[in-house]
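Residue-level listing of the chains:
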Amino acid sequence: RASFMWEGLDEPGQIIHKEIKLSWEEEDWREQTNQKERLQELIQSERKKGFDLSKAPLMRWNLIKISNDRYYFIWNMHHVLIDGWCGPIILGEVTDVYKSLINDEVLKLKARRPYRDYISWLLRQDQGRAKEYWKEELLGAVPTRLADKQIAESDESGECILTLDIKDTNLLNNYAKSLGVTVNTVLQGIWGVLLSKYTRQDDVVFGVTVSGRNIDLPGVEDMVGIFINTLPMRIKFRPSETLKELLKRLQIQMSEAQSYGYIPLSTIQSLQKERDLFDSIYVFENYPISTQTEKYDSGNKLSIKSIQGIEKTEYKLSIAIVPRDDLAIIEIRLNYDRRYFVNEAITKL
C-alpha cells in the first residue's frame, strides 16, 4: 500500500494508503503452442511499463494458465519495496497460507518486526561519525571506470554466466578457510585485481552491495522491506604486499565499512569532489537460501518451482556471486549495459 512523494519536500516521504486496487491479470494459454516465447514477450512488456513511484501499488501480478494444473506467475515490483532477502520469506508464507486454506486450519504466521522499527534504528545512528569515516576512507580517490565511451544505442542489458563446479568451489572454500577470510572477500579481491589491470590504476573503487541486516536490531533477519545499501570499496594496492596479505586487509576493511554502512550511497557521494567514483558493482547474494528457494512445496498440491528473478541496475556492469545447492557450486553472473560493452569483451573479462 506504499507510494512515495518528493516534489516540493525537503526529503522524500512514504505514504501508506488505507485502500488500493490490486493490478492482477489472468490469462489462459492452454491452447497456445509457443508458451515460452509468449512468456518472455510478456515479461519484457511488463518491464517496459515500469512504475510511477507516486502511485500505489508498486507491484503487478500476471497469472497465466498453461495446463489444467500448471501456471506461469509473474510478480512485478519496484525494488524500493523489498530486497532479495525477502523473497524466501514471502514465498514461504504463500505456501503456509495455501496449506491453511486447503486444510481449513487456523493460519499461524511467524510474528515479524514492522519495518518502521528499522527506520527508527536508522534515525538513532550517528550520521556525523559515518560521514567522517567515508570522507577519510575516500580521501584522494580517483574514479575507476571500465567504460567511458558509449559504443551503441541499444538500451538492452546482456548477461554472461560463469559457473564454478563442485571441485573449483571446494578449492575456493578451502583457500578462503586457510587464510581465515570469507569466500566473498577472496572474490572481491579478485575483482579488485582485475579492475586494476584493466584500468592500469593501483588505486581502484567499485561498489559493493551489502545486506544491511548485520546490525543490532533483534529480529532483523526475519523482517520484510528494503535493507540493502551499496558502499564504495576502495583497494589501494601495495607493491610489496602478497595476495594473502591483501585479502586479510580487505576482510578487516569491509567489516569496518559495514559498521558505517547505514548512510545512503547518495550521502557518501555528496562528500566527494568526484560523485561517480565507479561504474561497476559487486554483489554477493548471501541471504539464507536453501534448496527450497528453487522449490516451495506446501504438501497440498501447490509447489512453486523454477523461480527466476530478472532485474536491472543503473550501473554499466554488475557482478553477482550466487551460491547454489547449499554452497556446493558458485554461479558468477555478469550483467552489462550493451551501450558500453560488446559481448566478446565481457566473455573475455
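All figures in this text were calculated on a predicted structure; none of them were measured in a lab. (Residues numbered from 1 in each chain as written. Predicted model: local features only at pLDDT ≥ 70, side-chain atom pairs only at ≥ 80, totals over all residues. Heavy atoms only, no water.)

1. Notes on the sheet that holds strand β9 (residues 280-284)
Part 1: Taken in spatial order, the six strands line up as β6-β13-β12-β9-β7-β8 in an open sheet, and their pairing is mixed. Each edge of the open sheet is held by one strand with a lone partner, namely β6 (157-164) and β8 (229-236). Adjacent strand axes in the sheet meet at a mean angle of 25°, parallel and antiparallel pairs treated alike.
Part 2: Where strand β7 (residues 203-210) lies against β9, three bridges are found, and the strand directions are parallel. Residue T209 lies in a different strand from β9, and its bridge partner there is V283.
Part 3: Lying over the sheet, helix α6 (residues 183-199) contacts β7, β8, β9, β12 (317-324) and β13 (329-337), oriented at roughly 145° with respect to β7. (Pairing = 2+ DSSP bridges. Helix = DSSP H or I, 4+ residues; strand = E, 2+ residues; numbered from the N terminus. Axes fitted to C-alpha atoms, helices over the stretch in contact; angles between N-to-C directions. Contact = heavy atoms within 4.5 Å.)

2. Focus on the packing of aromatic side chains
Part 1: Counting across every chain of the model gives eleven aromatic pairs.
Part 2: Considering the side-chain rings of Y115 and F227, the 5.5 Å spacing of their centres and the 85° angle between planes classify their relative orientation as edge-to-face. With Y115 in helix α3 (residues 115-124) and F227 in the loop between β7 and β8, the pair connects residues that are 112 residues apart, well separated along the chain.
Part 3: Accessibility expressed as a relative area gives 24% for Y115, which makes it partly exposed.
Part 4: For the ring pair Y133 and Y260, a centre distance of 4.6 Å and an interplane angle of 20° mean the geometry is stacked. Residue Y133 is found in helix α4 (residues 127-137), and its partner Y260 is found in the loop between α7 (243-259) and α8 (265-270); the two are separated by 127 residues along the sequence.
Part 5: Classification of Y133 by relative accessible area gives buried; the value is 12%.
Part 6: An aromatic cluster is built from Y115, Y118, W121, F227 and Y262, whose rings are joined through pairwise contacts.
Part 7: Across the ring face of F51, the terminal group of R60 is positioned such that the distance to the ring centre comes to 4.4 Å. (Phe/Tyr/Trp six-rings, centres within 6.5 Å; stacked < 30°, edge-to-face > 60°. Buried < 20%, exposed > 50% of the residue type's maximum accessible area, 1.4 Å probe, protein only. Lys NZ or Arg CZ within 6 Å of the ring centre and 35° of its normal.)

3. What to know about a nonpolar patch on the surface
Part 1: A contiguous nonpolar patch, built from M5, L9 and I15 and spanning about 250 Å² of accessible area, is present on the exposed surface.
Part 2: When you line up the elements, M5 lands in strand β1 (residues 2-5). (Patch = residues over 30% accessible without salt bridge, like charges linked within 9 Å, V, L, I, M, F, W, Y side chains within 5 Å. Areas by Shrake-Rupley, 256 points an atom, 1.4 Å probe, with all protein chains shown as cover. Salt bridge = Lys/Arg side-chain N within 4 Å of Asp/Glu carboxyl O.)

4. Quick word on α7
Part 1: Between its terminal C-alpha atoms α7 stretches 25 Å, which fits the 24 Å expected from 17 residues at 1.5 Å a residue.
Part 2: Taken residue by residue, α7 has L246, L247, R249, L250, Q253, M254 and A257 as its buried positions. Summarising the axial view, the buried residues of α7 lie within an arc of 160°, below the 170-degree limit, and thus occupy one face.
Part 3: The inward-facing, buried residues of α7 contact α4, α5 (166-179), α6, β7 and β8. (Expected span 1.5 Å × (residues − 1). Arc of directions from axis to C-beta.)

5. Side note on the pairing of β7
Part 1: Counting buried positions along β7 yields eight of eight residues, so the element is predominantly enclosed.
Part 2: Of the two faces of β7, the one lined by D203, V205, G207 and T209 and the one lined by V204, F206, V208 and V210 are each fully buried.
Part 3: Pairing geometry for β7 and β8, over eight bridges, is antiparallel. Bridge pairing in β8 places D203 opposite K236.

6. Here's the deal with the sheet that holds strand β3 (residues 24-28)
For sheets, the rule is that strands pair by backbone hydrogen bonds, running either parallel or antiparallel.
Part 1: Strand order in the open sheet made by the three strands is β3-β4-β5, with mixed pairing throughout. Each edge of the sheet is formed by a strand with only one pairing partner; in this case those strands are β3 and β5 (70-77). Neighbour-to-neighbour, the strand axes of the sheet open up by a mean angle of 15°, direction not taken into account.
Part 2: Pairing of strand β4 (residues 59-67) with β5 involves eight bridges; the strand directions are antiparallel. Residue K65 lies in a different strand from β5, and its bridge partner there is Y71.
Part 3: Lying over the sheet, helix α1 (residues 35-49) contacts β3, β4 and β5, oriented at roughly 15° with respect to β5.

Keep in mind these values describe shape, not function.
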